[in-house]
Amino acid sequence: MSRKSVSYSIVDVFTAKRFAGNPVAVIKDAQGLGDDEMQAIAQEFGFSETTFLMPPINRASNAKVRIFTPFDEIPFAGHPNIGTAFVVGSEETAATVDGDELVFDEMGGPVSVVLQRQQERLTGAKITAPQTLEVLGEVDPAMIADCLGLSIDQISSARIAPCVASVGLPFAFAEITDLTALEAIEPNNSAFKAAQARGQETVDGFAISAFVINSDAEGRFDLRARVFSPLGHPPEDPATGSAAGALTSLLAASSGYRVCRARIQQGLEIGRPSLIEVEVIAAEARAEITGNCVLVSSGELFL
């Protein structure tokens, strides 16, 4: 009796070094899989996201991509798209490929992709967020402080006041006064549950991107960030491209720079250092998110 199986690859994203960055599992041809099977596969891998590639549904795209957390399907995410693009550019998949410019059809809208190469070697990808910046509301700084285990005077509004914003996936954003405070964060699960109950709508019930701006040189920002979603998975994310895109878009809107570029380090505190690069040309433009990738493993998953 033949056994049903699918092929997969695991890629570390926003890093050029294995066992750093943020891992994503990519199912290279998900034709014939049902929603329940996709959800079960995402739970089996246990990563923050698993992606499922299918042939394009129209001439405007190169593949249909679905993204699942261990708990549900989401409309968009940054590192899964970059990791999926890396697999599409280097392996045989259900995608149709003709050159280095691709479009993925997703629940959150079409995602434009440009494969990145150095001396013809595929190194990663640049994606364009499916939506422009949407600020969904302000957030009480005291609530943020309770969630992060900080005092309210460690929550800053110097550049960006606490808010919920999205370029395809919503997060709460909180500027932290300094690196010492950022490193000292200890999430309070009860406070996150209370924040969710107050109706602040983000991914994973209530998720916070906490950040410190190290430098700003004429629209070139250097930042450190930590992203917490203890009501989802994982409790702390090593690299979050969708949050980085929204954060850079917020900086573009608040700074007045026509071109805003951000270099965001994340994951250092949990031993998976990551580097996310984002560019926003004019505040009303969609964020372009770039990252390196490295293949970790490939195999066959039996169903």
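Criteria and cut-off values
Numbering of residues starts from 1 in every chain and runs along the sequence as written. Confidence filtering applies because this is a predicted model: local features only for residues at pLDDT of at least 70, side-chain atom pairs given and counted only at 80 or more, and all residues used for totals across whole chains, interfaces and linings. Hydrogens are left out, water is left out, and the side-chain values use all remaining heavy atoms of the structure. Buried means the residue's accessible area, taken with a 1.4 Å probe over protein chains only, is under 20% of the maximum for its type, while exposed means over 50%, and partly exposed covers the values in between. Note on conventions: DSSP H or I runs of at least 4 residues are helices, E runs of at least 2 residues are strands, and numbering of each starts at the N terminus. Only when DSSP finds a minimum of two bridges between them are two strands counted as paired. Each polar contact in these results corresponds to two N or O atoms within 3.5 Å; when the atoms are within protein, one needs to be able to donate a hydrogen and the other to accept it, and residues that are neighboring in sequence are counted only if both atoms are side-chain atoms. Cysteine sulfurs are considered disulfide-paired once they come within 2.5 Å of each other. Residues are called lining when one of their atoms sits within 4 Å of a cavity or pocket point, these points coming from a 1 Å grid over the protein atoms alone, where a cavity is a set in which a 1.4 Å probe fits but cannot get out and a pocket is an open set with protein on both sides within 12 Å along at least five of seven lines. Grid points are joined across faces, edges and corners, and a volume is the space filled by probe spheres set on the points. In the scheme used here, Gly and all other residues not listed as nonpolar or charged are polar, with Ala, Val, Leu, Ile, Met, Phe, Trp, Tyr, Cys and Pro taken as nonpolar and Asp, Glu, Lys and Arg as charged. Pairing of aromatic rings covers Phe, Tyr and Trp, the last counted by its six-membered ring, and requires centre-to-centre distances within 6.5 Å; plane angles under 30 degrees mean stacked, over 60 mean edge-to-face, and any other angle means tilted.

This brings us to the pairing of strand 16 (residues 259-266). Only one face of strand 16 is buried, namely the one carrying Cys-260, Ala-262, Ile-264 and Gln-266, since none of Val-259, Arg-261, Arg-263 and Gln-265 on the opposite face is buried. By the bridge criterion, 6 bridges tie strand 14 (residues 220-228) to strand 16 in an arrangement that is parallel. Counterpart to Arg-220 in the pairing with strand 16 is Arg-261. In this sheet, strand 17 (residues 274-281) lies alongside strand 16 in antiparallel orientation, the contact comprising 8 bridges. Paired with Gln-265 across the bridge in strand 17 is Leu-275.

Every buried residue of helix 3 (residues 141-148) is listed here: Met-143, Ile-144, Ala-145, Cys-147 and Leu-148. N-capping of helix 3 is provided by Asp-140, with a side-chain oxygen placed 3.0 Å from the backbone N of Ala-142. After helix 3 finishes, the residue Gly-149 shows a positive phi value of roughly 70°.

A separate point is the state of the cysteines. One pass over the full model with this rule turns up 0 disulfides. Unpaired in terms of disulfides, Cys-260 finds its nearest cysteine sulfur in Cys-163, a separation of 14 Å. By relative accessible area, which is 0% here, Cys-260 ends up buried.

One number sums up the size of the largest pocket: a volume of about 210 Å³. As for the largest pocket, its lining consists of 14 residues, and the residues nearest its centre are Gln-118, Glu-277, Thr-290, Gly-291 and Asn-292. Of all elements in the fold, only strand 7 (111-118), strand 8 (121-128), strand 17 and strand 18 (288-302) reach the threshold of two or more residues within the lining of the largest pocket. By residue class, the composition of the lining of the largest pocket is 4 nonpolar, 8 polar and 2 charged.

On to the packing of aromatic side chains. Inspection of every chain in the model, using the stated rule, returns 6 aromatic pairs. Taken together, a centroid distance of 5.5 Å and an interplanar angle of 85° make the contact between Phe-52 and Phe-68 edge-to-face. Residue Phe-52 is located in strand 3 (residues 50-54), and its partner Phe-68 is located in strand 4 (residues 63-68); the two are separated by 16 residues in the primary sequence. Ring-pair connections join several aromatic residues into one group, and the members of that group are Tyr-8, Phe-45 and Phe-47.

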